[in-house]
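The chain contents come next:
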2 protein chains.
Amino acid sequence: MLFFTQCFGAVLDLIHLRFQHYKAKRVFSAAGQLVCVVNPTHSLKYAPTRCAAVQTSTEQVILPPCHHHEAVHDPQLVPCTCPLFSCPWEGHLEVVVSHLRQTHRINILQGAEIVFLATDMHLPAPTDWIIMHSCLGHQFLLVLRKQEKYEGHPQFFATMMLIGTPTQADNFTYRLELNRNQRRLKWEATPRSVLECVDSVISDGDCLVLNTSLAQLFSDNGSLAIGIAITTSKVHNAEDEM
Amino acid sequence: MLFFTQCFGAVLDLIHLRFQHYKAKRVFSAAGQLVCVVNPTHSLKYAPTRCAAVQTSTEQVILPPCHHHEAVHDPQLVPCTCPLFSCPWEGHLEVVVSHLRQTHRINILQGAEIVFLATDMHLPAPTDWIIMHSCLGHQFLLVLRKQEKYEGHPQFFATMMLIGTPTQADNFTYRLELNRNQRRLKWEATPRSVLECVDSVISDGDCLVLNTSLAQLFSDNGSLAIGIAITTSKVHNAEDEM
């Protein structure tokens, strides 16, 4: 009996996902745009259990979240760049993608323009929605984060980071676009390198920032569709283009 | 002596404004774009003195700020739409523009695309930057407001409103664009009618919203340049355009 109930639940979930996918496709109607449904993950990095663990060591509290690998001696080794977990892994930049896929089960999508459909926007902060995006011969990490920078006032922060060096990142421009109900919001910037740490990009506010009210205006039934495009930015001068 | 000091001060101000104007022109280099330097006005509507006055009457506290003209009997008369002052004026929609120009000294600019250069962004909230924009046979009110929705965390809100009816407003789309240092933020929406009240648009968050950190990223020496464009939106369906 329990088996049948679970099967029925799974079928319902599938229908719901299919429906969301259909709706996102309708909104982002450009042919060939891949719609990817991204479910939220509660960030363990900021969960109370980890905070409690960190507080037992005063030394760790002083260190910024990204530099918890002080013992790295080989300069070519980089720490795990997954924004969700404090992971002890370290390796060469070339194998970060396979580590993120295999260990942290982060999906990877192909295509110059994709639609990131984040579900369950109502879930309490801290929550992350993460995918990798393979495009123009490189891999990018897209992070949407719900976080309470000011207590009681959750905000949404979205940014794109290159899984590569800062010098490589300078060659690209990423665009995030929200579009619903005769409103449109576009953010365009140079991606940061994952070596620079997603936490500091978000705390600096150098990304797409949405208040809860704006996020609700762009959401459809609890899901937020973000159009993503990446271009190369040779001789890029955004100021002169306007 | 005092006269000469004042003259010298005025000349310095003029040079400073000219320099800001030149910088904005350099950023928004498209030929023919008019750059308008807009100085801030401390909103008297939300100043502590008025709040104290309002608090003496419990009935007034319940009323939304826009509907302080309960005695209007002629439905064709509208209250003053100036967001800065609680003004007892009322008149026909056709004469609102001349009232705003003459009584509240709000400047009016011509042109399909203009650059709004708001100075002194560091001034404490509540502060407003306001101009009128004449375009496509209609007049629009552009309001940039610095306000503390959450105490201690000022934000910037920018919106454009048609000095006309909601039905007329539905025929237009306005675009606000920030562009600096390889970052670009665009907001596109249908303008609201001034009859709907700028305060409620801002409290709903249905406008361009900037955190202080983002505003600083887009500011140059304390001034924020906002590119403004208005288009007609016949058969407008933003969702299908993407």
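Parameters and conventions
All residue numbers refer to position in the chain's written sequence, counted from 1. Both sets of labels track the order of writing: A upward for chains, 1 upward for ligands. In keeping with the predicted nature of the model, local features appear solely for residues at pLDDT of at least 70, side-chain atom pairs appear and are counted solely at 80 or more, and the whole-chain, interface and lining totals rest on all residues. Computation of side-chain values covers all heavy atoms of the structure but excludes hydrogens and water. Strands here are runs of E lasting at least two residues and helices are runs of H or I lasting at least four, both read from the DSSP assignment and numbered beginning at the N terminus. Here's how the labels work: a residue is buried when its accessible area is under 20% of the maximum for its type, exposed when over 50%, partly exposed in between, all with a 1.4 Å probe on protein chains only. In what follows, a contact means two residues having at least one pair of non-hydrogen atoms within 4.5 Å. Per-residue and other accessible areas follow the Shrake-Rupley method at a 1.4 Å probe size, with only the shown protein chains counted as cover for residues. In this description, a nonpolar core means a group of buried Ala, Val, Leu, Ile, Met, Phe, Trp, Tyr and Cys residues linked to one another through side-chain atoms lying within 4.5 Å. By the criterion applied in these results, polar contacts are pairs of N or O atoms within 3.5 Å in which, for protein atoms, one can donate a hydrogen and the other can accept it, and in which residues neighboring in sequence qualify only through two side-chain atoms. Think of the arc as the fan of directions from the helix axis to the C-beta atoms. When DSSP finds two or more bridges between two strands, those strands count as paired. Note on definitions: salt bridges are taken to be side-chain nitrogens of Lys or Arg within 4 Å of carboxyl oxygens of Asp or Glu. UniProt positions are given in the numbering used here, feature names are shortened, and annotations may be inferred rather than shown by experiment. Scored from 0 to 100, pLDDT records how confident the predictor is in each individual residue.

S.K.: Mind laying out the overall build of chain A, listing which residues take part and the relevant values?
M.R.: Broken down by element type, chain A carries 8 helices and 15 strands. In chain A, which comprises 242 residues, the share counted as buried stands at 47%. Put simply, of all contacts in chain A between residues at least 6 apart along the chain, 60% involve residues at least 24 apart. Total accessible area on chain A stands at roughly 12,100 Å², and carbon and sulfur atoms take up 57% of it.

S.K.: Describe the nonpolar core, listing the residues and the values that go with them.
M.R.: Within the largest apolar cluster, 115 residues are counted, with the highest numbers of intra-cluster contacts made by Phe116, Leu144 and Leu176 of chain A together with Phe116, Leu144 and Leu176 of chain B. Excluding its chain neighbours within four sequence positions, the residues that come into contact with Phe116 of chain A are Cys36, Val38, Trp129, Ile130, Ile131, Leu142, Leu144, Leu224, Ala225, Ile226 and Ile228 of chain A.

S.K.: So what's going on with the side chain of Asp206 of chain B? Which residues, and what values?
M.R.: Along the chain, the position of Asp206 of chain B falls in the loop between helix 6 (198-204) and strand 13 (208-211). Given the relative accessible area of 7%, Asp206 of chain B is considered buried. Reaching out from Asp206 of chain B, the side chain makes a polar contact with the side chain of Arg192 of chain B at a distance of 2.7 Å. With residues up to four places along the chain from it excluded, the contact list for Asp206 of chain B reads Arg183 and Leu217 of chain A together with Trp187, Arg192 and Val201 of chain B.

S.K.: Give a detailed account of helix 4 (residues 96-104) of chain A, specifying residues and quantitative values.
M.R.: Residues and elements named next belong to chain A. Within helix 4, the full set of buried residues consists of Val96, Val97, His99, Leu100 and His104. With its buried residues spanning 165° around the axis, helix 4 presents them on a single face. Positive backbone phi, at 55°, marks Arg105, one or two positions downstream of helix 4.

S.K.: Describe the pairing of strand 11 (residues 183-189) of chain A, naming the residues involved and giving the relevant values.
M.R.: Of all 7 residues in strand 11 of chain A, 7 are buried, a share of seventy percent or more. Residues Arg183, Leu185, Trp187 and Ala189 of chain A of strand 11 of chain A are buried on one face, and the alternating residues Arg184, Lys186 and Glu188 of chain A, pointing to the opposite face, are buried as well. Here 7 bridges tie strand 10 (residues 172-180) of chain A to strand 11 of chain A, and the two strands are oriented antiparallel to one another. Of the residues in strand 11 of chain A, the one forming a bridge with Leu178 of chain A is Leu185 of chain A. Linking two consecutive strands that pair antiparallel, namely strand 10 of chain A and strand 11 of chain A, is a turn of 2 residues; a positive phi of about 60° is found at Asn181 of chain A within it. With 7 bridges joining them, strand 11 of chain A and strand 11 (residues 183-189) of chain B adopt antiparallel strand pairing. Bridge assignment links Arg184 of chain A to a residue of strand 11 of chain B, and that residue is Glu188 of chain B.

S.K.: Quick rundown of the pattern of salt bridges? Include the residues and the values.
M.R.: Going through the model one piece at a time under the given rule, you end up with 16 salt bridges over all chains. A salt bridge links Arg145 of chain A to Asp199 of chain A; the shortest N-O distance between them is 2.7 Å. Residue Arg145 of chain A is located in strand 8 (residues 138-150), and its partner Asp199 of chain A is located in helix 6 (residues 198-204); the two are separated by 54 residues in the primary sequence. Judged on exposure class, the residue Arg145 of chain A and its partner Asp199 of chain A are both buried. One salt bridge in this structure joins Glu177 of chain A and Arg175 of chain A, with 3.6 Å as the shortest N-O distance. Linked by salt bridges that have partners in common, Arg183 of chain A together with Arg192, Glu196 and Asp206 of chain B make up one network.

S.K.: How would you explain the UniProt feature "domain: Seven-in-absentia protein TRAF-like" (unreviewed entry) in chain A if you had to name every residue and give the values?
M.R.: In the UniProt entry, the feature "domain: Seven-in-absentia protein TRAF-like" (unreviewed entry) is given for residues 134-228 of chain A. Spanning residues 134-228 of chain A, this segment combines 19% helix with 58% strand, and its end C-alpha atoms are found 12 Å apart.

S.K.: Give me the lowdown on the pairing of strand 7 (residues 127-135) of chain A, citing residues and values where you can.
M.R.: Residues and elements named next belong to chain A. Within strand 7, 9 of the 9 residues are buried, leaving the element largely enclosed by the surrounding structure. Residues Thr127, Trp129, Ile131, His133 and Cys135 of strand 7 are buried on one face, and the alternating residues Asp128, Ile130, Met132 and Ser134, pointing to the opposite face, are buried as well. Note that strand 2 (residues 41-42) and strand 7 share 2 bridges and pair antiparallel. Looking across to strand 7, one finds that His42 is bridged to Thr127.

S.K.: An account of the confidence of the model for chain A is requested, with residue identities and associated values reported.
M.R.: All names here are of chain A. Averaged over all residues, the pLDDT of chain A equals 77, while 69% of them reach at least 70. This stretch, residues 47-72, has a pLDDT under 50; its non-local contacts, to residues over four places away or in other chains, come to 21 contacts. Throughout residues 236-242 the model reports pLDDT below 50, and contacts reaching past four residues in sequence, or to other chains, amount to 20 contacts. Here the prediction assigns the complex a pTM of 0.77, and the interface score ipTM is 0.76.

S.K.: Talk me through the environment of Pro40 of chain A; I want residue IDs and the actual numbers.
M.R.: Residue and element names in this part refer to chain A. Tracing the sequence through the fold places Pro40 in the loop between strand 1 (34-38) and strand 2. Sequence separation between Pro40 and Trp129 is 89 residues, and the spatial gap between their C-alpha atoms is 4.8 Å. Once residues within four sequence positions are removed from consideration, Pro40 is found in contact with Thr119, Asp120, Leu123, Thr127, Asp128 and Trp129.

S.K.: Tell me what's going on with unusual backbone geometry, and back it up with residues and numbers.
M.R.: Cis geometry marks the peptide bond from Ala125 of chain A to Pro126 of chain A; its omega dihedral reads 0°. Take Pro126 of chain A: it is sitting in the loop between strand 6 (113-118) and strand 7. Residues other than glycine seldom take positive phi values, yet Arg105 of chain B does so here, at roughly 55°. Of note, Arg105 of chain B is situated in the loop between helix 4 (96-102) and strand 5 (108-110). Unlike most non-glycine residues, Asn221 of chain B shows phi in positive territory, near 55°.

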